Amino acid sequence: MENIITLQEILTIIGIAIAISGVISKISMQYIEERISKKDEVIKEKMKQFNDVERSIKDLDNRIDKIEDCHVDTQISLAKISKDIEYIKSEHIKMALDIRKILDNKCN
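Everything numeric here is computed off the predicted structure, so don't read it as measured data.

(A) Quick look at the overall build of the protein. For the protein, the count of helices and strands is one helix and zero strands. Projected onto its principal axes, the C-alpha coordinates of the protein cover approximately 155 × 15 × 10 Å. Residue burial in the protein is summarised as follows: out of 108 residues, 0% are buried. As displayed, the protein has an accessible area near 10500 Å², and 64% of this comes from carbon and sulfur atoms.

(B) Main features of a nonpolar patch on the surface. A cluster of nonpolar residues, Ile5, Leu7, Ile10, Leu11, Ile14 and Ile18, forms a patch on the protein surface that exposes about 600 Å² of accessible area. You can call Ile14 partly exposed: its relative accessible area is 43%.

(C) Examining the pattern of salt bridges more closely. Taken as a whole and judged by the stated rule, the model has six salt bridges. Glu86 is paired through a salt bridge with Lys89; the nearest N and O atoms lie 3.9 Å apart. Here the residue Glu86 and the residue Lys89 both occupy positions in helix α1 (residues 7-107), the gap between them amounting to three residues, near one helical turn. Taking relative accessible area as the criterion, Glu86 reaches 47% and is therefore assigned partly exposed. The exposure class of Lys89 is partly exposed, given its relative accessible area of 47%. With its nearest N and O atoms 3.5 Å apart, the salt bridge here joins Glu91 to Lys94. Taken as a pair, Glu91 and Lys94 lie in helix α1 at a separation of three residues, close to a single helical turn. For Glu91, a relative accessible area of 25% gives the class partly exposed.

(D) Representation of a negative patch on the surface. Among the surface-exposed residues, Asp61, Asp65, Glu68, Asp69 and Asp73 lie close enough to one another that they form a single negatively charged patch. The exposure class of Asp69 is partly exposed, given its relative accessible area of 49%.

Cut-offs used in this document
Residues numbered from 1 in each chain as written. Predicted model: local features only at pLDDT ≥ 70, side-chain atom pairs only at ≥ 80, totals over all residues. Heavy atoms only, no water. Helix = DSSP H or I, 4+ residues; strand = E, 2+ residues; numbered from the N terminus. Buried < 20%, exposed > 50% of the residue type's maximum accessible area, 1.4 Å probe, protein only. Areas by Shrake-Rupley, 256 points an atom, 1.4 Å probe, with all protein chains shown as cover. Patch = residues over 30% accessible without salt bridge, like charges linked within 9 Å, V, L, I, M, F, W, Y side chains within 5 Å. Salt bridge = Lys/Arg side-chain N within 4 Å of Asp/Glu carboxyl O. Lys, Arg positive; Asp, Glu negative; His and termini not counted. Charge placed at Lys NZ, Arg CZ, Asp CG, Glu CD.

Function cannot be inferred from these measures alone, as they are strictly geometric.
This is the structure:
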């Protein structure tokens, strides 16, 4: 037997190497595609969660605006009530003075 490698053996070895390389490439691509699709699913889920949170924040902002409007209305109403109470007090004092004058006039 001779230790000389023939051209056919070299081409066979190269063919086998190419075939093995192709199989490894195919397996690697499948693995990478699977990882990418899993990452894509995670990204979509995170985006959905983000959109839900963003929507909740907008709803909360709207509710806060309504509460602030109600608070302002309440403050205005309280100020009007306070003004009316002061008016009633002043009228009460005037009436008390008028009654005192009437009583003083009748007693004299």
